[in-house]
Amino acid sequence: MQPFSHHTLAQYEKDGYLLVDNLFDQEEIDLLGRIARADHRLTEGAAGRRDGQGGIVKLSVENDVGDDIYGAFVRCRRIVDHMEQLLSGEVYHYHHKMILKEPYVGGAWEWHQDYGYWYHNGCLFPLLASCMIAVDRATKENGCLQVLKGSHQLGRIDHGKVGDQTGADMEHVNAALARLELVHCELAPGSAIFFHCNLLHRSDQNRSPDPRWALICCYNAARNDPYKESRHPRYSYLEKWADERIKEIGRQHLQSVG
């Protein structure tokens, strides 16, 4: 990929997100999906988060970057170089997570901003962003990401408990819903969305026969090093890897397991 253009960066500043079609090719995303679904540590260790209606969505969160295929995605220049454009400087790995929204039973995510709770981890400034990569096709039917365009400009909204999740104050959310455009981010496998940490987003429960897995890579600006310890790491240098490492590592992993 070429660097984001000035026009694209201006669009991100205005909307709070960017949709990028085919950020990863078919082989890259197939390798990620096959390895993740065969990864018993990931699937068995995934935690459940109950939504406000009692549905449960599963996720597996990692603070450390390994030399595996997940680390190859997290470190790849295709993501990191563009994150550094969006955050105007060096970034480091804040954490990454796989969302496992299974057919018929995958729960919803309530309206929230990531900075609504990352703020309490000692990040003084909203200089964080995420890249969500579709492992499976994401549709309205299987609970794709929904965003409120431009809602990052509201600043951080107060958050509280909704089920097992942390949700944004609904008085403010409802006011924003009356004024801002709601966008359903339907994505083909390998496509991605880069989004600001103050962007309001949610997703519906999955009531379809199709799974909706997604890998979310989260980054903090190096200059926004948290002032205290928390569940996610403080600054450490992130070594960038060539994009080709994804296929190299993925192919090696599949060969090693037969």
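Structure shown above.
Residues numbered from 1 in each chain as written. Predicted model: local features only at pLDDT ≥ 70, side-chain atom pairs only at ≥ 80, totals over all residues. Heavy atoms only, no water.

Colleague: I'm lost on unusual backbone geometry in this one. Help?
Modeller: Where the residue is not glycine, phi is negative for most of them; where a peptide bond is considered, it is trans in most cases. You will see that Asn22, though not glycine, has its phi angle at about 55 degrees, which is positive. By secondary structure assignment, the location of Asn22 is in the loop between strand 1 (17–20) and helix 2 (26–38). In this structure, Ser88 takes a positive phi of about 55 degrees despite not being glycine. For Ser88, the location among the structural elements is in the loop between helix 5 (77–86) and strand 4 (91–101). (Helix = DSSP H or I, 4+ residues; strand = E, 2+ residues; numbered from the N terminus.)

Colleague: Is there a simple way to think about the side chain of Asp114 in this case?
Modeller: Along the chain, the position of Asp114 falls in the loop between strand 5 (109–112) and helix 6 (115–118). Buried within the structure, Asp114 lacks any salt-bridge partner; its nearest side chain of opposite charge belongs to Lys97, at an N-O separation of 5.1 Å. Engagement of the side chain of Asp114 in a polar contact is seen with the side chain of His201, the distance being 3.4 Å. If we ignore the near neighbours within four places in the chain, the residues touching Asp114 are Ser130, Phe195, Cys197 and His201. (Buried < 20%, exposed > 50% of the residue type's maximum accessible area, 1.4 Å probe, protein only. Lys, Arg positive; Asp, Glu negative; His and termini not counted. Salt bridge = Lys/Arg side-chain N within 4 Å of Asp/Glu carboxyl O. Polar contact = N/O pair within 3.5 Å; in protein donor to acceptor, adjacent residues only side chain to side chain. Contact = heavy atoms within 4.5 Å.)

Colleague: Looking at this model, I keep getting lost on the pattern of salt bridges. Mind explaining?
Modeller: Where charged atoms from two side chains of opposite charge approach closely, those side chains can pair. Across all of its chains, the model carries 16 salt bridges by this definition. We note a salt bridge from Arg77 to Asp81, for which the minimum N-O separation is 3.3 Å. Linking Arg77 with Asp81, this pair stays in helix 5, spanning 4 residues, or about one helical turn. What makes Arg77 partly exposed here is its relative accessible area of 40%. By relative accessible area, which is 27% here, Asp81 ends up partly exposed. Linked through salt bridges whose partners overlap, the residues forming this network are Asp25, Glu27, Lys247 and Arg251.

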